[in-house]
Each structure stands twice: as C-alpha cells, then as structure tokens.
Amino acid sequence: MAKVMIVDDAAFMRMVIKDILTKNGHEVVAEAVDGLDAVKKYPQVKPELVFMDIVMPNMEGIDALRNIMASNPDAKIVMCSSIGQQSVVTEALKIGAKDFIVKPFDAKKVLEVVKKVMQI
C-alpha cells in the first residue's frame, strides 16, 4: 500500500481524500496546507505518492510540483483539479505529474489513479 501526502488548502478536501485512501489500506504520512508547506514536508516524510491541489495560497500546486520534481525527479505526484483547469493540468503533466483527478473526488477514480501511478 502507498504512503501518501495530501496537499490542499481546504481541510475538507484533505479529509475526503484521506478517508478514501485509509479505508482502502493506504497510509497518509503527511498533509500540507499549500505548496510551500508541501515543498518543506516532502523531503522529511518521503511519501511514495502525493495528491496536489492546483489552486492554493502562498505557492500554487504547479510551482510546488516544479520544486519537488527538481529535487526528486522520481516523485509520483497526482494533480487535483477543478473542471476548467485543463491547460494547467497539461502543463503539470509536461513538468512530470503522473496523472490528475478532477474534483469532486470519486472514490473509485482516486483508487484507480493510485493503482496506476504506483505501478509506474
């Protein structure tokens, strides 16, 4: 099972993903409230997988993705987007994000993405 860090400025969204993951045997090793927090925590907790929101205060998800990928090119990061953020999602995939999921989260889709990304 995967050791996951969840990055989202909305506590409710973090709780939703955490609930889906933990009920299915995954371990949430860290939560971050924005991109800056994620960049700081990533090397400390060394998650196997990161769920990263795109729109956040202090540092956007795309900038946090760039930062983490620069220091760890093997990082497995899944971007979480709202409908209408397709251009940002495309950019994130070019930078190195492994996949993306759309809000609101569907448990089945979240688990499919975890399975797919962890097999890479």
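First, a word on what this report is: a plain description of the structure on this page. This one's a predicted model, so the numbers in the text were calculated from it and none came from an experiment.

It is worth spelling out the overall build of the chain at this point. A tally of helices and strands in the chain yields 5 helices and 5 strands. Moving toward the C terminus, one meets the helices and strands of the chain in the order β-α-β-α-β-α-β-α-β-α. What you see for the chain is a C-alpha radius of gyration of 13 Å, in line with the 14 Å of a compact globule of 120 residues. The principal-axis extent of the C-alpha atoms belonging to the chain is close to 35 × 30 × 30 Å. For the chain, the share of sequence-separated contacts (at least 6 apart) that also reach a separation of at least 24 residues comes to 59%. With an accessible surface of roughly 6100 Å², the chain has 55% of that area assigned to carbon and sulfur atoms. Considering the chain, the positive charge centre built from 16 side chains and the negative charge centre built from 16 side chains are found 5 Å apart.

The next point concerns the pairing of strand β5 (residues 99–102). In β5, alternate side chains face the same way, and those of D99 and I101 are buried while those of F100 and V102 on the opposite face are not. Pairing of strand β4 (residues 77–81) with β5, which is carried by 4 bridges, proceeds in the parallel orientation. Across the sheet, residue M79 finds its bridge partner in β5, namely F100. For the crossover from β4 across helix α4 (residues 86–95) to β5, the handedness is right-handed.

Quick look at the nonpolar core now. Core analysis: the largest hydrophobic core is formed by 22 residues, its most contacted members being M5, V7, V50, M52, L65, I77 and M79. Looking at this core, the elements with two or more residues in it are β1 (3–7), β2 (27–32), α2 (35–45), β3 (49–53), α3 (61–71), β4 and α4. In terms of residue count, the dominant contributor to this core is α3 (5 residues). The contact partners of M79, leaving out residues within four places of it in the chain, are M52, D53, I54, G61, I62, L65, A92, A97, D99, F100 and I101.

Another aspect to go through is the pattern of salt bridges. Side chains that differ in sign of charge can pair as their charged atoms come close. Inspection of every chain in the model, using the stated rule, returns 9 salt bridges. Put simply, K103 and D53 hold a salt bridge, and the shortest N to O gap is 3.0 Å. Linking K103 in the loop between β5 and α5 (107–118) with D53 in strand β3, this pair joins segments that are 50 residues apart in sequence. On the basis of relative accessibility, which here comes to 4%, the residue D53 falls in the buried class.

Moving on, we get to the packing of α3 against α4. Put simply, α3 and α4 touch, their axes get as near as 10 Å, and they point 5° apart. In terms of their interaxial angle, α3 and α4 are classed as roughly parallel. Counted together, I62, L65, R66 and M69 of α3 and V88, E91, A92 and I95 of α4 form the full contact between these two elements.

This brings us to the pairing of β1. A large share of β1 lies buried, amounting to 4 of its 5 residues. Summarising the sheet, β1 and β2 pair through 5 bridges and their orientation is parallel. Counted as the bridge partner of V4 is V28 from β2. Crossover handedness for the path β1 to helix α1 (residues 11–23) to β2: right-handed. Two elements, β1 and β3, share 4 bridges in a ladder whose sense is parallel. Paired with V7 across the two strands is M52, which belongs to β3.

Rules behind the numbers
Residues numbered from 1 in each chain as written. Predicted model: local features only at pLDDT ≥ 70, side-chain atom pairs only at ≥ 80, totals over all residues. Heavy atoms only, no water. Helix = DSSP H or I, 4+ residues; strand = E, 2+ residues; numbered from the N terminus. Rg over C-alpha atoms; globule rule 2.2 N^0.38 Å. Contact = heavy atoms within 4.5 Å. Areas by Shrake-Rupley, 256 points an atom, 1.4 Å probe, with all protein chains shown as cover. Lys, Arg positive; Asp, Glu negative; His and termini not counted. Charge placed at Lys NZ, Arg CZ, Asp CG, Glu CD. Buried < 20%, exposed > 50% of the residue type's maximum accessible area, 1.4 Å probe, protein only. Pairing = 2+ DSSP bridges. Right-handed = clockwise from strand over helix to strand, strands pointing away. Core = buried A, V, L, I, M, F, W, Y, C linked by side-chain atoms within 4.5 Å. Salt bridge = Lys/Arg side-chain N within 4 Å of Asp/Glu carboxyl O. Axes fitted to C-alpha atoms, helices over the stretch in contact; angles between N-to-C directions. Parallel < 35°, antiparallel > 145°, perpendicular 65-115°, else oblique.

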